[in-house]
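Residues per chain, in single letters:
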Amino acid sequence: MEKCKFCGSSEQLEFNAKEQMFGIGEAFVYKECKSCGSLQLATVPSDMSPYYSGGYYSFQELVPSSSLKNLFKTLRLKLSFKWKKRI
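What counts, and where the lines are drawn
Residues numbered from 1 in each chain as written. Predicted model: local features only at pLDDT ≥ 70, side-chain atom pairs only at ≥ 80, totals over all residues. Heavy atoms only, no water. Patch = residues over 30% accessible without salt bridge, like charges linked within 9 Å, V, L, I, M, F, W, Y side chains within 5 Å. Areas by Shrake-Rupley, 256 points an atom, 1.4 Å probe, with all protein chains shown as cover. Salt bridge = Lys/Arg side-chain N within 4 Å of Asp/Glu carboxyl O. Helix = DSSP H or I, 4+ residues; strand = E, 2+ residues; numbered from the N terminus. Disulfide = S-S within 2.5 Å. 1 Å grid on protein atoms, 1.4 Å probe; cavity = no way out; pocket = protein on both sides within 12 Å on 5 of 7 lines; lining within 4 Å. Points joined across faces, edges and corners; volume = space filled by probe spheres on them. Nonpolar A, V, L, I, M, F, W, Y, C, P; charged D, E, K, R; others polar. Pairing = 2+ DSSP bridges.

Participant: Provide a residue-level description of a nonpolar patch on the surface, including the pertinent values.
Facilitator: On the surface, a cluster of nonpolar side chains totalling about 410 Å² of accessible area is made up of L68, L71, F72 and L75. The topology assignment puts F72 in helix α1 (residues 67–86).

Participant: Give me the state of the cysteines: which residues, what numbers.
Facilitator: Counted under the stated rule, the structure contains 0 disulfides. No disulfide involves C4; its nearest neighbouring cysteine sulfur is the one of C36, lying 3.8 Å away. In this model C33 remains outside any disulfide bridge; the closest cysteine sulfur is found in C7, 3.6 Å from its own.

Participant: Kindly report on the layout of surface pockets, identifying the contributing residues and their values.
Facilitator: Taken as a whole, the largest pocket encloses approximately 260 Å³ of empty space. If you trace the largest pocket, you find 14 residues lining it, with E19, F28, Y30, Y51 and Y52 closest to the centre. Elements supplying a minimum of two residues to the lining of the largest pocket: β1 (12–18) and β2 (27–33). For the lining of the largest pocket, the residue count by class is 11 nonpolar, 1 polar and 2 charged.

Participant: Go over empty space enclosed by the protein with me, naming the residues and quoting the values.
Facilitator: Taken as a whole and judged by the stated rule, the model has 1 cavity of 30 Å³ or more. Taken as a whole, the largest cavity encloses approximately 50 Å³ of empty space. For the largest cavity, the full set of lining residues is E2, K3, K5, Q12, K31, Q40, L41 and A42.

Participant: Explain the pairing of β2 to me, using residue names and the numbers behind them.
Facilitator: Where β1 meets β2, 7 bridges bridge the pair, whose relative direction is antiparallel. Within β2, the residue paired with A17 across the bridge is F28. The pairing of β2 with strand β3 (residues 39–41) spans 3 bridges and is classified as antiparallel. By the bridge assignment for β3, Y30 is matched with L41. In sequence, β2 turns back onto β3 through a hairpin of 5 residues, with G37 there showing a positive phi of about 85 degrees.

Encoded structure:
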């Protein structure tokens, strides 16, 4: 069994999942590391272009948020950390 690419652990769980975002429906094998919790593809396809079309969000031009929107994002993040600590 391959080791985790992040922490080097050999203890991994294997999962099968179908691609659902673009409707291709291809099945993939994922490995979840029992030590660090990372999730990674067991075998990365040699051609990723079918999964990252021209409309993929990271290919779009970056639009900076306004100061007010950044303030709300910061508040939301801080509140989520507080709530998670209580739960």
